[in-house]
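# Residue-level structure breakdown
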Amino acid sequence: MLRRSFLQQTTAAVVGTTLGSFATPSWAKRPLPAERHGRAHRLFPSDASAASGSKFAVATVHELASRTALDIFRAGGNAVDAAVAASCMLSVVDGHNSGIGGGCFALVRAPDGQITAIDGREQAGAAATPDMFLRDGQPQPKWSQTGPLAVGVPGQIAALQRMSKQLGRLPWRDLLLPAAEVADRGFLMGRLAKVVAANAGELSQFPESQRILLPGGKVPTAKTLLRQPELAETLRQIAEQGGEYFYRGPIAQQIATHLQAAGGILTTDDFAGYEAKLRTPLTTQYRGHRVVGFPPPSSGGIHVAQMLGMLELFDLRQVFQRDPASVYHLWLEVMQRAMADRAHWLGDADYTQVPRGLVDPGYLFQLAADIQYGQTRPVNGHGLPPEAESQFFGDKHTTHLTTADHEGWVVAMTQTVNTSFGSKMIAPGTGIVLNNEMDDFSIAPGVANAFGLIGAQANAIAPGKRPLSSMSPTIVLNADNQPVLTCGAAGGPRIITTTLQAICRVVDLGQPIDQAIAAPRVHQQWRPAEALIESNLDETIKSSLEQRGHQVRATGSLAVAQGLQWLGDGQLLAAADPRASGTALAE
Ligand code: GLY
């Protein structure tokens, strides 16, 4: 019904263009690169790094991590082994985004179709209180973003070890030692040097961070060799002794001692009490596909499902053919509706009641019912899902990586230390960049975090609670339960909206995953009420959105995504986002 009326509207007057004559954007017209077997391949600077093969595939944000995964595959490892090894390598070569001082969510599909969701999200210490970031009743966002109070108990090693033990094949130590070796030997910093330069002011407040990243107070260049011998030793010891060394041994001791001396609250007991939790994956339907996302404390799974549920009501393929701007408009409309729900309802489901009705198709129909083709409609607040009182979920930072193999193992994993270099602290003697994930809690109602996100009671701080995350590792399956694509991204709340657009482009618009990831994106997170667009978005689409009432603001780049697609002929296509210098590899 709604679908028909929308299509009727699209066949009426279209703002700024004539139906049927809309110029197809250049990225959509571009043919697929002719040759991309087995190695990273870029025809144009704006192309994703893409590679296809029939045995295995990987896409990460760093070439060394992707190459490590490939080595592990060649040594007989499965996609889980490859993902764990790549993840550890990212700790070394991409430590501003993620690492063993941070956390992650991983979705793993086994060859028998079973999907496991592993929650390695950071956790608040036992001494955390809802008002720990207030002074005289005033919020102090700086404290939740930088320094000792910002740090949550890291979950990365616990999650990786759980993945490796339960689902991997190669010995744990073999997966960590390549990363230890690169930490020891060093690597050319490349774009990491720019991130250090951009954060030099805050990093230099912490002597260990300054010593390692800004030696002698000098800002590094792309050609600087970064050696991290302490991190190498930490990784070697964890490789030999397992997660115990981190959570109940010298590392917990060193981090807790250092944080407490600096005014922090984490204790060795907080580390000893940490466990990576198994969650029940969130599965919803979209156009005959099963979309498997991560449940709370991720907000991503629920919101991708919400937005897709609203979009079910529209025939995006037809709309795109007639007027691409309308698809962007629809994306922005569903984004603000889902994000308004996020701010009110979502938090760690172990601590707060997150209604299952948020993904109820009837509820999503209601949320979408006032969407109009010709103009944006302000969203005043959250919706009221069915059975909100009784049915609950039960149980340019950050980075996403994905691996798969011909046996049927698939990994979609997003990991983070939160903002660049997390708390900006490196615990002396460990080489570990400590996260600032406490900033993902709502430090006070209505107070924005580093991503401009506001929250409510559901995401307030409590001892042992995990902060709400936007990380959205996603696996899409067909009606026969076979994988069609994986996707996920880095970039705070833009992760969620980026994942949505990648799925729609593949499923609705029939684009290959590398083009889907490379295409210009939009983002709306309800508050602030503005439509962010990437600056290379077609001018005609931009003015069409403005004429529909969107408060448009152009920005350089929205999130960094990685993905995989099953091409149907036994070929896997891996893609790494051109917005960062990631690498896709396959054989
Ligand atoms: N730290 C960003 C997120 O988890 O959403």
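Here we summarise the structure given alongside this text. (Residues numbered from 1 in each chain as written. Predicted model: local features only at pLDDT ≥ 70, side-chain atom pairs only at ≥ 80, totals over all residues. Heavy atoms only, no water.)

### Points about the pairing of strand β10 (residues 282-286)
Definition in use: Think of it in three bands: with a 1.4 Å probe and only protein chains considered, a residue is buried below 20% of the maximum accessible area for its type, exposed above 50%, and partly exposed in between. By definition, any uninterrupted DSSP run of H or I lasting at least four residues is a helix, any uninterrupted run of E lasting at least two residues is a strand, and each is numbered from the N terminus. We treat two strands as partners when DSSP finds at least two bridges between them.
Of the two faces of β10, only the one carrying L282, T284 and Y286 is buried; T283 and Q285 on the other face are not. Once β10 ends, the chain turns through two residues before running back antiparallel as strand β11 (residues 289-293), passing R287 with a positive phi of about 50°.

### Examining the packing of aromatic side chains
Which entries qualify depends on this criterion: When the centres of two rings from Phe, Tyr and Trp lie within 6.5 Å, Trp using its six-membered ring, the rings pair. Their planes under 30 degrees apart give stacked, over 60 give edge-to-face, and anything left gives tilted.
Counting across every chain of the model gives six aromatic pairs. Summarising the aromatic geometry, the rings of F56 and F73 are spaced 4.5 Å apart at their centres and angled 5° between planes, so their arrangement reads as stacked. Within this pair, whereas F56 is found in strand β2 (residues 56-60), its partner F73 is found in helix α3 (residues 63-74), the two being separated by 17 residues in sequence. Overall, the relative accessible area of 8% leaves F56 in the buried class. For F73, a relative accessible area of 4% translates into the label buried.

### Description of helix α15 (residues 300-311)
The condition is simple: What a helix is expected to span follows from its residue count: subtract one and scale by 1.5 Å. Any two residues whose heavy atoms approach within 4.5 Å at even a single point are treated as in contact.
Under the 1.5 Å per step criterion, the end-to-end length of α15 is 16 Å for twelve residues, consistent within 8% with the ideal 16 Å. Of all twelve residues in α15, twelve are buried; the element is thus mostly enclosed. What α15 keeps buried is the set G300, G301, I302, H303, V304, A305, Q306, M307, L308, G309, M310 and L311. Those residues of α15 that are buried lie in contact with β10, β11, α16 (316-322), α17 (324-345), α18 (361-368) and α19 (494-507).

### Points about the environment of Y286
For Y286, the position within the fold is in strand β10. With 191 residues separating them in the primary sequence, Y286 and G95 have C-alpha atoms 36 Å apart. Once you skip the residues sitting within four places of it in the chain, Y286 turns out to touch V291, L308, L311, E312, L316, I503, C504, V507 and D508.

### Examining the side chain of E122
Defined as follows: For the purposes of these results, a polar contact is taken to be a pair of N or O atoms within 3.5 Å, where, inside protein, one atom must be able to donate a hydrogen and its partner to accept one; residues adjacent in sequence count only when each atom of the pair is a side-chain atom.
As for its position among the elements, E122 is in the loop between β4 (115-120) and β5 (134-135). Only 2.9 Å separates the side chain of E122 from the backbone nitrogen of G103, close enough to count as a polar contact.

### Here we look at the packing of α15 against α19
The condition is simple: To get an axis, fit a line to the C-alpha atoms, keeping to the stretch in contact for a helix; angles then go from 0 to 180 degrees between the N-to-C directions. Should an angle fall under 35 degrees it is taken as roughly parallel, and over 145 as roughly antiparallel, whereas 65 to 115 is taken as roughly perpendicular and any remaining angle as oblique. Throughout, a crossing is termed right-handed when the near helix is turned clockwise from the far one, and left-handed when it is turned anticlockwise from it by less than a right angle. Polar here means any residue outside two lists: the nonpolar Ala, Val, Leu, Ile, Met, Phe, Trp, Tyr, Cys and Pro, and the charged Asp, Glu, Lys and Arg; Gly therefore counts as polar.
Contact pair α15 / α19: the axes reach a minimum separation of 9 Å and the direction vectors enclose 45°. With respect to their mutual orientation, α15 and α19 come out oblique. Here the hand of the crossing between α15 and α19 comes out right-handed. Touching G300, H303, V304, M307, L308 and L311 of α15 are I496, T497, T499, L500, I503 and C504, all from α19. Its residues assigned to classes, the contact of α15 with α19 comprises eight nonpolar, four polar and no charged.

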